[in-house]
Amino acid sequence: MKKVDVTQIIKEAAVILVISIVAAVALAKVSRNVVVGIVLGVFILGSILSLIWFAGIRISIYKKKIEKRMNEAIEKEHLGDCHMFYAYTSIVAISELTGKIAYINSFNPVVQIIDAKDVTNVKSDYVKGPLGGTTQVYFQFAYNKVNMRIPTFMSNQAFSLTSEKVLTGISKADTYCEIIKRAQNENA
């Protein structure tokens, strides 16, 4: 199920490298030692830029791009009306009509389409946190023995299982599990 858009990864790495080299040359002109300036610029600034890029900026930029790719794939594959779920970095579209599941992630912006009948281990669950709380609620399914977890609630803090946010996440996860199971049964 995992396809990788290698050209996208190369483009992103090249942009970060070019920015790092330009910053390194500028730093080398300011510092007394040209070699130290270039090394510091390329490695330290490159590392910092990479962290910033992959930690947040990339997600906001690619959100519209992956949504556009998903909509194009839905039209191309004639999936019809789909149940769409927008997670933090990914989109899942489930078509009960055709029994297909489409998935795209901003870290790998290639739409992957599979048959719902080939999916196993459909369930919703949560990550157990301290004092009986949770930091994540998700629904998952397995395809070719690879589990795909799609979060419906995420937090860097533990929330009580009775909190409104967690209950909403549990409800969404259960709903999407039921949708996947219906798509499996109607197109078996």
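Report follows, based on the coordinates. Quick caveat, the model's predicted, so the values are computed rather than measured.

## Thoughts on the pairing of strand β4 (residues 108-115)
Turning to step 1, where the next piece is worked out: Along β4, six of the eight residues are buried, which leaves the element largely enclosed by surrounding structure.
Turning to step 2, where the next piece is worked out: Bridging between strand β3 (residues 100-105) and β4 involves five bridges; their strand directions are antiparallel. By the bridge assignment for β4, A102 is matched with I113.

## Remarks on the packing of aromatic side chains
Turning to step 1, where the next piece is worked out: Applying the stated criterion across every chain, the model contains four aromatic pairs.
Turning to step 2, where the next piece is worked out: Centre to centre, the rings of F139 and Y176 are 5.5 Å apart; their planes meet at 15 degrees, and the pair counts as stacked. Here the residue F139 occupies a position in strand β6 (residues 134-143), and Y176 occupies one in helix α3 (residues 164-186), the gap between them amounting to 37 residues.
Turning to step 3, where the next piece is worked out: The rings of F85, F139 and Y176 are connected pair by pair, giving a single aromatic cluster.
Turning to step 4, where the next piece is worked out: If you follow K128 out to its NZ or CZ, it ends over the ring of Y126, 4.6 Å from the centre.

## Quick word on the nonpolar core
Turning to step 1, where the next piece is worked out: In terms of nonpolar packing, the biggest core is built from 24 residues, with I94, I101, V119, F139, F141, I150 and I180 touching the most fellow members.
Turning to step 2, where the next piece is worked out: Contributions of two or more residues to this core are made by β2 (90-95), β3, β6, β7 (146-159) and α3.
Turning to step 3, where the next piece is worked out: Here this core gets seven residues from one element, more than from any other, and that element is α3.
Turning to step 4, where the next piece is worked out: Residues in contact with I150, not counting those within four places in the same chain, are F85, A87, V92, Y103, V137, Y138, F139 and F141.
Turning to step 5, where the next piece is worked out: Judged by nonpolar contacts, the second largest core, of 10 residues, contains I66, A73, I91 and V111.

## A short note on the environment of F85
Turning to step 1, where the next piece is worked out: Position of F85 among the secondary structure elements: in strand β1 (residues 83-86).
Turning to step 2, where the next piece is worked out: Sequence separation of F85 and Y103 is 18 residues, and the distance between their C-alpha atoms is 9.7 Å.
Turning to step 3, where the next piece is worked out: Every residue in contact with F85, bar those within four places of it in the chain, is listed here: S90, I91, V92, F139, I150, P151, T152, K172 and Y176.

Thresholds, definitions, all that
- Residues numbered from 1 in each chain as written.
- Predicted model: local features only at pLDDT ≥ 70, side-chain atom pairs only at ≥ 80, totals over all residues.
- Heavy atoms only, no water.
- Buried < 20%, exposed > 50% of the residue type's maximum accessible area, 1.4 Å probe, protein only.
- Helix = DSSP H or I, 4+ residues; strand = E, 2+ residues; numbered from the N terminus.
- Pairing = 2+ DSSP bridges.
- Phe/Tyr/Trp six-rings, centres within 6.5 Å; stacked < 30°, edge-to-face > 60°.
- Lys NZ or Arg CZ within 6 Å of the ring centre and 35° of its normal.
- Core = buried A, V, L, I, M, F, W, Y, C linked by side-chain atoms within 4.5 Å.
- Contact = heavy atoms within 4.5 Å.

Shape descriptors only; they carry no functional weight alone.
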